[in-house]
Amino acid sequence: MATELPVIQPDLPAPLDPELITELSAEIRELAVERNAVILAHNYELPEIQDVADYIGDSLGLSRQAAAADAEIVEFCGVHFMAETASILSPEKKVLIPDLDAGCSLADSINADQLREWKAKFPGALVVMYVNTSAEVKAETDYCCTSSNAVKVVEHIWAEHGPETEILFGPDMWLGVYVERETGLTDDPGRRSRFHVWDGECHVHAGIRPDDIVRTRAEHPEAEFLIHPECGCSTQAMEYVASGDIDPEGVHMLSTSGMIEHVKDNPEGSFIVATENGMLYPMQQAAPKANLIEANRMAYCKYMKMITLPKLRDSLRDLTGEVKVDAAIAEKARLPIERMVSIG
Ligand code: SF4
């Protein structure tokens, strides 16, 4: 077998000394009590950030935790659009993010002006946007969706508004192509011409290509193949399976809790995991003896890794990094989220 070369990860912060991690974590927990703050961490955050948080989860799950928490301050360790979503759903709380520059390449692929221009070209079309979008884009959106419910949301629109309804779908082109295939549009040019897909994508996609996956699976024939299409980083893997580019045998597409439960059910099993690599940490915590193999070691989100313990400590101590969505935008942006949640 070929020797594995060390991976150069230029965007990752330098690892902290274990003693400093212990010291900063204690300081952060004290500050959280003092400030009456709840600390939320996305699954793709650095392990030490996940360890210090009150709750770990995916973006929508965490926004719901933010709304339910009995706290004045929500410290959101994730990326900017996630903190905005928390602010939209919890307007009475102060929402902070440790680094305001922690963005998202997928959310940045469409802005509100671009969406308004797109809508102007297709009057009467309904807009479906992935939750990975800014609050301003959500305010121009009819329905939000996640990768797990995108097909359901689109089918709901056709059921409620008629099968001829024109749809603008974005910003993740991979999820758009997947929805086309799963709803039968690929073989129906007439209906397909009324389903328009924005050509945005997440930069982490570049780290998870079919060749990498086929090679990794060949090296580990005993391993199941788990796809976690929660963020934008692995929606293309869903499409590779649907199109037959990847053998569907032994493939499981799972939500965040589904991934954890799946490894707990077979705690000594082998699993190739296609997602942002931070997700392997909570899975390994849940099943310490499981053999977890990254589909590609370069599949990491540089924005998520911008959140570090020193920045988290500073934000809680100095109450910096507030993310506040304008009330009028928040009111409009809440509607597509609520519509999505009611569809399930
Ligand atoms: S993994 Fe991709 S979609 Fe998710 S936050 Fe990072 S850049 Fe955005």
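Residues numbered from 1 in each chain as written. Predicted model: local features only at pLDDT ≥ 70, side-chain atom pairs only at ≥ 80, totals over all residues. Heavy atoms only, no water.

> Help me get a handle on the domain arrangement of the chain, residues and values and all.
How big an interface is tends to be expressed through the accessible area that disappears when the partners come together. Domain annotation of the chain identifies domain 1 (18-103 + 304-325), domain 2 (107-201) and domain 3 (204-294). Once you take the C-alpha centre of each, domain 2 and domain 3 turn out to be 26 Å apart. Every contact between the two is made by 12 residues of domain 2 and, on the other side, 12 residues of domain 3. Summed over both sides, the interface of domain 2 with domain 3 buries roughly 1100 Å², with 58% coming from carbon and sulfur. The largest contributions to the domain 2 side of the interface with domain 3 come from W174, Y178 and R181, which together make up 48% of the buried area. Between domain 2 and domain 3 we count 0 salt bridges in total. Joining domain 2 to domain 3, the criterion identifies 0 residue pairs in polar contact (both at pLDDT 80 or more). Examining the composition of the side of domain 2 that touches domain 3, we find that 6 residues originate from one element, helix α8 (residues 173-182), more than from any other. (Domains from an automatic or database assignment. Contact = heavy atoms within 4.5 Å. Buried area = accessible area lost by both parts, 1.4 Å probe. Salt bridge = Lys/Arg side-chain N within 4 Å of Asp/Glu carboxyl O. Polar contact = N/O pair within 3.5 Å; in protein donor to acceptor, adjacent residues only side chain to side chain. Helix = DSSP H or I, 4+ residues; strand = E, 2+ residues; numbered from the N terminus.)

> How would you sum up the packing of helix α7 (residues 150-161) against α8? Please name residues and give values.
Where α7 contacts α8, the two axes come as close as 10 Å, and the packing angle between them is 60°. When the interaxial angle is binned, α7 and α8 end up oblique. Every pair of crossing elements has a handedness; the one defined by α7 and α8 is right-handed. Taken together, the residues of α8 that come into contact with α7 (itself represented by A150, V151 and V154) are L175, Y178, V179 and E182. Tallied by class, the residues present in the contact of α7 with α8 amount to 6 nonpolar, no polar and 1 charged. (Axes fitted to C-alpha atoms, helices over the stretch in contact; angles between N-to-C directions. Parallel < 35°, antiparallel > 145°, perpendicular 65-115°, else oblique. Left-handed = near helix turned anticlockwise from the far one by under 90°. Nonpolar A, V, L, I, M, F, W, Y, C, P; charged D, E, K, R; others polar.)

> Any details on the site of the ligand? Residues and values, ideally.
Around the ligand there are 14 residues in total, and C104, N132, C202, C231 and C301 lie nearest to it. Looking at the shell around the ligand residue by residue, the classes come out as 10 nonpolar, 4 polar and no charged. (Near = heavy atom within 4 Å.)

> Please provide a residue-by-residue account of the environment of E30, values included.
Structurally, E30 can be placed in helix α1 (residues 18-35). Linking E30 and V323, residues 293 residues apart in sequence, is a C-alpha distance of 23 Å.

> I'd love a proper account of α7, names of residues and values included.
With 12 residues, α7 should reach 16 Å at 1.5 Å per residue; the first-to-last C-alpha distance of 16 Å fits that figure. Of the residues trailing α7, G162 is marked for its positive phi of about 100°. (Expected span 1.5 Å × (residues − 1).)

> Quick rundown of the sheet that holds strand β10 (residues 251-253)? Include the residues and the values.
Reading across from one edge, β10-β9-β11-β12 is the order of the 4 strands in this open sheet, with parallel pairing throughout. Here the strands that pair on one side only, and so sit at the sheet edges, are β10 and β12 (291-294). Pairs of neighbouring strands in the sheet enclose a mean axial angle of 25°, with direction left out of account. Direction of pairing for strand β9 (residues 224-227) relative to β10: parallel, over a ladder of 3 bridges. Looking at the pairing, F225 lines up with V251 of β10. (Pairing = 2+ DSSP bridges.)

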